[in-house]
Amino acid sequence: MYSSLYLQCFSLLYILFLTILYFSKERVNLFENRIYSCLILTNFIGIILDIISTYIALVDVTFPILNFISKLYLVYLISFMALFTAYIIVVTRKTTEKQIVKTYNKLKITLFFAYIFISMIILALPLENYSKDGIVYTYGASTIATYSVGGVCVFIYLIIILKNIRNIKNRKLIPLFSLILVGSISAFIQMTMPQLLL
């Protein structure tokens, strides 16, 4: 019954280890590294929200705060996608650090308002929680909106990467494409079969 929760707890330990390892080392103060740091911290918060919502759903799917925590988890996914979009914009540009910050500053207002608008929609749309025989997942308009935003983000990622493919060092390109590919496949499987834990 709690097998999905065990996997999430092991993921928390892995993310905690990665976070401690990353922040214990000295890093060059690049804008790219600042965004990456935010991605790691956001991911840590996301796994905690996921563990809490899964535990509550397994214990009592009718618990009043479950729906709100599940929606916060969806907002976390939107947060991760927004930060990852900023990260891709930064790492694919072949410019100086000063130019990267200038480009990001031009885009951050648009990204910020898009993020707030989408997050408010996610929080306002209906969301249902399913929990039966140890299978736990959410469904409804809020999850469909999150998948839709994810699809748009993947499209944007690919456009940015293909537009700047000459500027990307090969060592950075492979992990980006891998993450986008594996993440897209996982999201599609999760969307079609929400009972699977990926």
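Here the structure is a predicted model, which means the values were calculated and not measured. (Residues numbered from 1 in each chain as written. Predicted model: local features only at pLDDT ≥ 70, side-chain atom pairs only at ≥ 80, totals over all residues. Heavy atoms only, no water.)

So, the overall build of the protein
Argument step 1. Counting its secondary structure elements, the protein contains 6 helices and 2 strands.
Argument step 2. Reading the helices (α) and strands (β) of the protein from amino to carboxyl end gives α-α-α-α-β-β-α-α.
Argument step 3. Compactness check: the protein gives a C-alpha radius of gyration of 18 Å against a globular reference of 16 Å for 198 residues, within 12% of the reference.
Argument step 4. On the principal axes, the C-alpha backbone points of the protein span a range of 55 × 35 × 25 Å.
Argument step 5. Within the protein, buried positions represent 34% of all 198 residues.
Argument step 6. For the protein, long-range pairs separated by at least 24 residues make up 68% of all intrachain contacts whose partners lie at least 6 apart in sequence. (Helix = DSSP H or I, 4+ residues; strand = E, 2+ residues; numbered from the N terminus. Rg over C-alpha atoms; globule rule 2.2 N^0.38 Å. Buried < 20%, exposed > 50% of the residue type's maximum accessible area, 1.4 Å probe, protein only. Contact = heavy atoms within 4.5 Å.)

Examining the nonpolar core
Argument step 1. With 26 residues, the main nonpolar core has Phe84, Tyr87, Ile88, Tyr157 and Leu176 as its most contacted residues.
Argument step 2. Contributions of two or more residues to this core are made by α2 (31-59), α3 (66-91), α4 (97-124), α5 (141-163) and α6 (170-192).
Argument step 3. Here this core takes 11 residues from α3, the largest share from any one element.
Argument step 4. If you look at the next biggest cluster of nonpolar residues, it comprises 6 residues, including Leu49, Ile56, Leu66 and Tyr76. (Core = buried A, V, L, I, M, F, W, Y, C linked by side-chain atoms within 4.5 Å.)

Quick notes on the confidence of the model for the protein
Argument step 1. Residues with a pLDDT of 70 or more make up 91% of the protein, whose mean pLDDT is 83.
Argument step 2. Within the protein, no element has a lower average pLDDT than α6, which sits at 76, and none a higher one than α3, at 90. (pLDDT = per-residue confidence, 0-100.)

With respect to the packing of aromatic side chains
Argument step 1. Within the structure shown, the criterion is met by 9 aromatic pairs.
Argument step 2. Centroid distance Phe80 to Phe84: 6.2 Å. Interplanar angle 10°. Geometry classified as stacked. With Phe80 and Phe84 both in helix α3 and 4 residues apart, this pair spans about one turn of that helix.
Argument step 3. Among the residues examined, Phe80 registers a relative accessible area of 24% and is labelled partly exposed. (Phe/Tyr/Trp six-rings, centres within 6.5 Å; stacked < 30°, edge-to-face > 60°.)

Quick look at the packing of α2 against α3
Argument step 1. Viewed as axis vectors pointing N to C, α2 and α3 meet at an angle of 160°, and their least axial separation amounts to 9 Å. As the angle between them shows, α2 and α3 are arranged roughly antiparallel. Seen from above, α2 lies across α3 with left-handed handedness.
Argument step 2. Partitioned by chemical class, the residues of the contact of α2 with α3 number 21 nonpolar, 6 polar and 2 charged. (Axes fitted to C-alpha atoms, helices over the stretch in contact; angles between N-to-C directions. Parallel < 35°, antiparallel > 145°, perpendicular 65-115°, else oblique. Left-handed = near helix turned anticlockwise from the far one by under 90°. Nonpolar A, V, L, I, M, F, W, Y, C, P; charged D, E, K, R; others polar.)

Side note on the state of the cysteines
Argument step 1. Scanning all chains against the criterion turns up 0 disulfides.
Argument step 2. Cys153 supplies the cysteine sulfur nearest to Cys38, a cysteine that is in no disulfide, at a spacing of 17 Å. (Disulfide = S-S within 2.5 Å.)

Focus: the pairing of strand β1 (residues 128-132)
Argument step 1. As judged from the 5 bridges shared by β1 and strand β2 (residues 135-139), these two strands associate in the antiparallel manner. For Lys132, the partnering residue across the bridge sits in β2 and is Ile135.
Argument step 2. Connecting β1 to the antiparallel partner β2 that follows it, the hairpin turn spans 2 residues, and Asp133 within it adopts a positive phi of roughly 55°. (Pairing = 2+ DSSP bridges.)

Structural notes on the environment of Ile159
Argument step 1. Considering the arrangement of structural elements, one finds Ile159 in helix α5.
Argument step 2. C-alpha of Ile159 to C-alpha of Lys25: the two residues are 134 residues apart in sequence and 33 Å apart in space.

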